[in-house]
Amino acid sequence: HIQDPASQRLTWNKPPKSVLVIKKIRDASLLQPFKELCVYLTEENNMIVYVEKKVLEDPAIANDENFGPVKKKFCTFREDYDDISNQIDFIICLGGDGTLLYASSLFQGSVPPVMAFHLGSLGFLTPFNFENFQSQVTQVIEGNAALVLRSRLKVKVVKEHREKMTVQNGIEENGVVSANLEKEVGKQIMQYQVLNEVVVDRGPSSYLSNVDVFLNGHLITTVQGDGVIVSTPTGSTAYAAAAGASMIHPNVPAMMVTPICPHSLSFRPIVVPAGVELKIMLSPDARNTAWVSFDGRKRQEICHGDSISITTSCYPLPSICFRDPVSDWFESLAECLHWNVRKKQNNFAVEEEE
C-alpha cells in the first residue's frame, strides 16, 4: 500500500508550549508582523517564545517602548553558540525561502514542525499569508494541519589536514629529501544537514571543474564543466531547475544529480534512490581545486584527497501545509515559477469546422 501524501497530518502528543520565531534580518517591512505575532503568541496563547539575539538588537525593536513588556518574556539564543534543539515545539518563519533554509540549518538533528509565512520575494516554500495569521496559528497549535516531510541531505566533508613545514635546503630534519612543503597531519571531518542542495563548482578558476562522482563506491561519471548539483526533491525547484533538471515533488524519496554547464551534449540530469551514498572527489588529473557550498552557506575549498559524502538524512524537515502537500506544491509551481503559463490556443469557429 502506497500512502497518500495528503494523509500526513500534524499530531501533538501534548499541547505545544514553546515556539521559535525566525524573522528575516534587516527587513523593516517585517517589524510590524513580527510584533503582532509575538504579542499574539505570548498574551493570547501563553507560549514561550524563542527569538534570535540579533533580531532583538534591531534599533526599531530595541527602542520600541510599547513592545518592551513583550520583549522581556522572550528567550534568546545565538547561532552556533546555544543549543535549543530540545526546547522548541514548533517554528514560525517570517520571510522568504531563505528564512526556511536558515531555520533548517539551526537543527542538525531532529527538526520541529515549521510554519512558514510568505513575507519574502519568491515564497515557493512559504505557503501561508500573514493576513489571517491568528486563525492559522491557532489551527497549528490545535494540531489541525497537514504536513509534508521534506527530506534533507546528510553531508560529510573529509579534508586532508596539512600544515606547512620549514625545509632547510630541501632536506627535512631526518635527512629525507622533500619536494613537498606540506605534510599531512590527520583528517578534518565536518557534517552538515542540507535542505536544498550541495553545489560543487570551479570557483574563481578559469578551468573546467574536473570531479569524480561515485555511487555506493563505484565511479559513475566524471563531471567536466562548471560543476555539479546534488539536490533533494525540495531543492529540485531551486538551483537544479535553473540548471535544467526536472522538478520533483518533496514526497518522492530521491536525490538528484544535475551538472552545471557540462562540456558534453549527452550529460543529462539523473535521479537516484534516496538510500544510496554519493561521493564526490577531485579527479586525480584535475588542473584546479573545487569549491563546495551547502544551501548557499559554509562555502569552502576542496583539494586533492578531500571528499564529500552525501546521503539522505534520517532527519527530514516537517513543513506545515496550507492545504495539503499536493495542492500546495502545484500552487507554488503556478504562482512562483509560472509553470506552463502561455496564451491559450483559439478554438475553431463553427464555419471553419463545417
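Cut-off values and rules
- Each residue is numbered by its place in its chain's sequence as written, counting from 1.
- A pLDDT threshold of at least 70 governs which residues receive local features in this predicted model, and a stricter bar of 80 or more applies before side-chain atom pairs are shown or counted, although totals over entire chains, interfaces and linings include all residues.
- Calculation of side-chain values draws on the structure's entire complement of heavy atoms; hydrogens and water are dropped beforehand.
- UniProt positions are given in the numbering used here, feature names are shortened, and annotations may be inferred rather than shown by experiment.
- Helix and strand definitions follow DSSP, with helices as H or I runs of at least four residues and strands as E runs of at least two, each counted in order from the N terminus.
- Partly exposed residues are those whose accessible area sits between 20% and 50% of the maximum for their type, while under 20% is buried and over 50% is exposed, using a 1.4 Å probe and protein chains only.
- We call two residues contacting when some pair of their heavy atoms lies within 4.5 Å.
- Every accessible area reported is derived by Shrake-Rupley at a probe size of 1.4 Å, with residue values counting cover from the shown protein chains alone.
- Note on charges: Lys and Arg go in the positive column, Asp and Glu in the negative column, and His and the chain ends are not counted at all.
- A charge is said to be at NZ when it belongs to Lys, at CZ for Arg, at CG for Asp and at CD for Glu.
- Criterion used throughout: strands pair if DSSP finds at least two bridges between them.
- Every axis corresponds to a line fitted to the C-alpha atoms, with the helix fit spanning only the stretch in contact, and the corresponding angles, defined between N-to-C directions, vary from 0 to 180 degrees.
- Each domain span listed reflects an automatic or database assignment of domains.
- Polar contact is the term for a pair of N or O atoms within 3.5 Å; when the atoms are in protein, one must be able to donate a hydrogen and the other to accept it, and sequence-neighboring residues count only if both atoms are side-chain atoms.
- Residues are sorted three ways: Asp, Glu, Lys and Arg are charged, Ala, Val, Leu, Ile, Met, Phe, Trp, Tyr, Cys and Pro are nonpolar, and all the rest, Gly among them, are polar.

As annotated in an unreviewed UniProt entry, the protein chain is NAD kinase from Sakesphorus luctuosus. Entered under Catalytic activity (unreviewed entry) in the UniProt record, the comment concerning the protein chain runs "NAD(+) + ATP = ADP + NADP(+) + H(+)".

## Quick look at the overall build of the protein chain
When helices and strands are tallied, the protein chain shows 9 helices and 19 strands. With the C-alpha coordinates aligned to their principal axes, the bounding extent of the protein chain is approximately 80 × 75 × 40 Å. Taken across its 354 residues, the protein chain has 46% of its residues classed as buried. Here the analysis covers contacts within the protein chain between residues at least 6 apart in sequence; of these, 72% occur between residues at least 24 apart. Of the roughly 19300 Å² that the protein chain leaves accessible, carbon and sulfur atoms contribute 49%. For the protein chain, the centre of its 33 positive side-chain charges and the centre of its 41 negative side-chain charges are spaced 4 Å apart.

## Concerning the sheet that holds strand S17 (residues 297–302)
Across the sheet, 6 strands lie side by side as S14-S13-S12-S9-S16-S17; this open sheet has antiparallel pairing. The open sheet is flanked by strand S14 (270–273) and S17, the only strands paired with a single partner. Within this sheet the neighbouring strands show an average axis-to-axis angle of 20°, counted without direction. Two strands pair when backbone bridges link them, and strand S13 (residues 254–260) and S14 are joined in this way by 4 bridges, in the antiparallel orientation. Residue pairing across strands places methionine 256 opposite valine 271, the latter belonging to S14.

## Let's talk about the domain arrangement of the protein chain
Domain boundaries in the protein chain define domain 1 (7–150 + 315–335) and domain 2 (151–160 + 185–310). Residue-level contacts link 24 residues of domain 1 with 17 residues of domain 2. Linking domain 1 with domain 2 are 9 residue pairs in polar contact (both at pLDDT 80 or more), by the criterion used here. Where the side of domain 1 that touches domain 2 is concerned, the elements lending two or more residues are helix H5 (97–105), strand S6 (147–150) and helix H8 (325–336). Counting residues per element, the side of domain 1 that touches domain 2 draws most heavily on H5, at 5 residues. Tallied by class, the residues present in the side of domain 1 that touches domain 2 amount to 16 nonpolar, 5 polar and 3 charged.

## Things to note about the environment of phenylalanine 34
When you line up the elements, phenylalanine 34 lands in helix H1 (residues 31–44). The class of phenylalanine 34 is buried, set by a relative accessible area of 0%. Taking C-alpha positions, phenylalanine 34 is 7.4 Å from leucine 94, a pair spaced 60 residues apart along the chain. Non-local contacts of phenylalanine 34, meaning those with residues more than four positions away in its chain, are made with Val21, Lys23, Val51, Val55, Ile61, Phe67, Phe74 and Leu94.

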